[in-house]
Amino acid sequence: MQPITADQIAKAIDGRFMAGSPETVVSSVSINSREIAPGALFVPIVGERVDAHQFIPAALEAGAAATLTQKALTTAPQCCCIQVKDTKEALQALARWYRGQFTLPVVGITGSVGKSTTKEMVASALSGGKKVLKTAGNYNSQLGLPLMIFQIENSYDAAVLEMGMSDFGEMARLSAMAKPSRAVVTNIGTSHIGQLGSRENIRSEKLHIADYLGDTGTAFLNGDDDMLAPLRGQLPYRCQWYGRSPACDWQARDIQLSGSSISFSACYQSMQERFHVPAVGMHNVYNALAAVAVAWDMGLSMAQIRAGLAGYQGLSMRQQIFEAGGIRVIDDSYNSSPDALKSSLDVLVSLAGQGRPIAVLADMLELGEISAQAHEACGRYAARIGVQALITVGNQAAHLARGAQEENNALEVHQCANNQEAFAQLQRIAQSGDIVLVKGSRGMKTDEIVSAIRQWKGQMD
């Protein structure tokens, strides 16, 4: 973070000084009193279960130079203290102001599936010619995004920011903070449909990522997505469409998939360039093509983009492949949704080789009224494409098991109550050479299954 003064902060958030000097210098912002660095501004957030105002003394003791508060304090703290109406809104207002101090290009990335992977690929492509700030971990939310924005410094040439939303109005607030000059929408699926009600609503909300593109920005949209493609020619900003369809500006052709990489030709106007990326699955061809399109639009050469993408490294718990006890495992345990699950099942079956493709699948959450139907459809899909054994975890995943059995009553299916039971069942049925996919929504903690597999020392018979 570029240092700012308490006076600048107070003006940006319409705050009132309760104590301390307006000349106090702040060099970072934190909402966690346990992660305070000297010179930080502590922003205590009032959560559903915890009111962080109680941690103001601990933050000051750890070296915070200033704090915000939305409560009247009985005694003035021995530091710079700024009172606001709402600390969360103040954090976001400060992020909007801070972003306005920089002219660097910002790439905003959203979509129902593939946000994080596309963010990593775009950052990798740009790294071939620029110093890039990218979203760390899951800092893509109403609280996480402003903290990432405060990481912007003059030394960066570009920022790639993941922007996630789950309810009405959230993307508009994120967009107001990040003000992307390029915006990528990977697809419109059913994630968070329980809150948003329909794919049409999801699309409408996600497209708020383009609110600040203006006349000079560009949106990069998946031209093969059934909800985005009909908008071609209807959007009030510059668009570039990417995909496999001949109607797309950027087309992926001559695609080759292997057990460790993808390769394709990126075709744009009269150009045709070949790319090799260390990732698996057709869905990653789309993610990589979006990265090529963004990086080219931002002035990088094809040689720079190729070098950047060659260094791509996948994220933990997102289709990470490893071997344990004679089987191969696809760790895709970070999260799940119907669209993401189908893509992962495609990868599982494509990599099976001589072994059996086995899927260990837990509940997909936040699907609302369509949950049973969506789980059942995914079960049918798994059986139809050739999954040979299915282990499910959770109440909703029982619908997944039923769909699979109805599609193929000879399919081996095991329904489990928890992750421990699922791992025990996997131990019983897995054979040397099998490949196993582990996937579920974050709340199902399927990474526990992956951890157990990694510690599994025995060889399969």
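In case you missed it, the structure is sitting above this.
Along each chain, residues carry numbers from 1 onward, in the same order as the chain's sequence is written. For a predicted model such as this one, the threshold for reporting local features is a pLDDT of at least 70, and the threshold for listing and counting side-chain atom pairs is 80 or more; totals across whole chains, interfaces and linings nevertheless cover every residue. Excluding hydrogens and water, the side-chain figures rest on all heavy atoms present in the structure.

A look at the overall build of the protein
- Within the protein one finds 15 helices and 22 strands.
- With the C-alpha coordinates aligned to their principal axes, the bounding extent of the protein is approximately 75 × 55 × 40 Å.
- Relative to its full complement of 461 residues, the protein shows a buried share of 55%.
- Methods summary: accessible areas were calculated by the Shrake-Rupley approach with a probe of 1.4 Å, and residue burial reflects only the protein chains presented. Accessible surface, the protein: about 19,100 Å² in total, of which carbon and sulfur atoms supply 45%.
- Averaging the coordinates of the 39 positive side-chain charges in the protein and doing the same for the 43 negative ones gives two points 3 Å apart. Strands are runs of DSSP state E lasting at least two residues, helices are runs of H or I lasting at least four, and both sets are numbered from the N terminus onward. Relative accessibility under 20% of the residue-type maximum defines a buried residue, over 50% an exposed one, and the middle range a partly exposed one, all with a 1.4 Å probe and only protein chains included. We score Asp and Glu as negative and Lys and Arg as positive, and we do not count His or the chain ends. One atom stands in for each charge, and that atom is NZ of Lys, CZ of Arg, CG of Asp or CD of Glu.

Quick look at the pairing of strand β12 (residues 218–222)
- Taken across its five residues, β12 has five buried, putting it largely inside the fold.
- Because side chains alternate across β12, one face comprises the buried residues T218, F220 and N222, and the other comprises A219 and L221, equally buried.
- Two strands make a pair as long as DSSP finds a minimum of two bridges between them. Taken together, the four bridges between strand β11 (residues 182–185) and β12 define a ladder with parallel strand orientation. Bridge pairing in β12 links V185 to L221.
- Alignment of β12 against strand β13 (residues 238–243), held across five bridges, turns out to be parallel. Bridging from a neighbouring strand, A219 pairs with C239 of β13.

Quick word on the packing of helix α11 (residues 338–350) against helix α12 (residues 371–385)
- Comment: axis = line fitted to C-alpha atoms, over the contacting stretch for helices; angle = value between 0 and 180 degrees taken between N-to-C directions. Direction vectors running N to C along α11 and α12 enclose 15 degrees, while the axes themselves pass 10 Å from each other. With respect to their mutual orientation, α11 and α12 come out roughly parallel. The two elements α11 and α12 cross, and the hand of that crossing is right-handed. Residues P338, L341, K342, L345, D346 and V349 of α11 pack against A374, C378, Y381, A382 and I385 of α12.
- In this classification, the charged set is Asp, Glu, Lys and Arg, the nonpolar set is Ala, Val, Leu, Ile, Met, Phe, Trp, Tyr, Cys and Pro, and all remaining amino acids, among them Gly, are polar. Residues belonging to the contact of α11 with α12 are distributed by class as follows: nine nonpolar, no polar and two charged. Each angle gets one of four labels, with under 35 degrees taken as roughly parallel, over 145 as roughly antiparallel, 65 to 115 as roughly perpendicular, and the rest as oblique. Crossing chirality is assigned from the near helix's rotation relative to the far helix, an anticlockwise turn below a right angle marking it left-handed and a clockwise turn marking it right-handed. It only takes one pair of heavy atoms within 4.5 Å for two residues to be counted as in contact.

With respect to the pattern of salt bridges
- Salt bridges are defined as contacts in which a side-chain nitrogen from Lys or Arg sits within 4 Å of a carboxyl oxygen from Asp or Glu. Inspection of every chain in the model, using the stated rule, returns 17 salt bridges.
- Two residues, D51 and K71, come together in a salt bridge whose shortest N-O distance is 2.2 Å. Of this pair, D51 sits in the loop between β5 (40–42) and α2 (56–61) while K71 is found in the loop between β6 (66–69) and β7 (80–83), placing the two residues 20 residues apart along the sequence.
- Residues E406 and R380 are paired through a salt bridge, measuring 2.5 Å at the closest nitrogen-oxygen approach. You can see E406 sitting in helix α13 (residues 397–407) and its partner R380 sitting in helix α12, a full 26 residues away along the chain.
- The partly exposed category is assigned to E406, whose relative accessible area is 45%.
- Classification of R380 as partly exposed rests on a relative accessible area of 25%.
- Each member of the salt-bridge network shares a partner with another, and the members are E376, R380, R384, R402, E406 and E407.

Digging into the packing of aromatic side chains
- Each Phe, Tyr or Trp ring, with Trp reduced to its six-membered ring, pairs with another whose centre is within 6.5 Å; inter-plane angles below 30 degrees give stacked pairs, above 60 give edge-to-face pairs, and intermediate values give tilted ones. Within this structure, the stated rule accounts for five aromatic pairs.
- Linked through ring pairs, Y98, F102 and F150 together constitute an aromatic cluster.
- Think of it as a cone above the ring: NZ of Lys or CZ of Arg counts as a charge over the ring if it is within 6 Å of the ring centre and within 35 degrees of the ring normal. Over the ring of Y212 we find K179; its NZ or CZ atom is 5.3 Å from the centre of that ring.
- One residue, R454, lies across the ring of F322, its end atom 3.7 Å from the ring centre.

Brief notes about helix α3 (residues 87–99)
- Here the expected length of a helix is defined as 1.5 Å per residue gap, with one fewer gap than residues. With 13 residues, α3 extends 18 Å from end C-alpha to end C-alpha; this agrees with the ideal 18 Å at 1.5 Å per step.
- Among all positions of α3, only T87, A90, L91, Q92, A93, L94, A95, Y98 and R99 are buried.
- Between N or O atoms, a polar contact is any pair within 3.5 Å; within protein, one atom must be a potential hydrogen donor and the other a potential acceptor, and residues adjacent in sequence are included only when both atoms are from side chains. Here α3 starts with a cap whose side-chain oxygen sits 3.0 Å from the backbone nitrogen of K88, and that cap is D86.

Describing the layout of surface pockets
- Its boundaries defined by the atoms lining it, the second largest pocket holds a volume of some 370 Å³.
- Put simply, the grid is 1 Å and covers the protein atoms alone, a cavity is a trapped set of points that fit a 1.4 Å probe, a pocket is an open set with protein on both sides within 12 Å along at least five of seven lines, and lining residues have an atom within 4 Å of a point. Every residue along the wall of the second largest pocket is listed here: I31, I45, G47, E48, N138, Y139, S141, L143, G144 and L147.
- Of the residues that constitute the lining of the second largest pocket, the class distribution is five nonpolar, four polar and one charged. Grid points are joined across faces, edges and corners, and a volume is the space filled by probe spheres set on the points.

Some words on the side chain of R99
- Mapped onto the secondary structure, R99 falls in helix α3.
- Not counting the four nearest positions on each side in its chain, R99 is found in contact with L104, V106, I149, I152, M177, A178 and K179.

Some thoughts on the sheet that holds strand β10 (residues 158–162)
- Taken together, nine strands build an open sheet; the order of strands is β9-β10-β8-β11-β12-β13-β14-β15-β16 and the sheet is mixed. Pairing within the sheet leaves two strands with one partner each, and these edge strands are β9 (132–134) and β16 (271–277). Looking at each pair of strands side by side, their axes are set apart by 20 degrees on average, direction ignored.
- By the bridge criterion, seven bridges tie strand β15 (residues 262–268) to β16 in an arrangement that is antiparallel. Within the sheet, the bridge partner assigned to A266 lies in β16 and is E273.
- Against the sheet, helix α9 (residues 282–297) engages β8 (106–110), β11, β12, β13, β14 (250–257), β15 and β16, with an angle of about 140 degrees to β14.

Topic: unusual backbone geometry
- Phi at H192 is positive, roughly 65 degrees, even though this residue is not glycine.
- Along the chain, H192 falls in the loop between β11 and α7 (193–196).
- What makes H192 partly exposed here is its relative accessible area of 23%.

Overview of the pairing of β13
- Where β13 and β14 come together, two bridges link them in parallel fashion. Bridge pairing links G243 to Q251 in β14.

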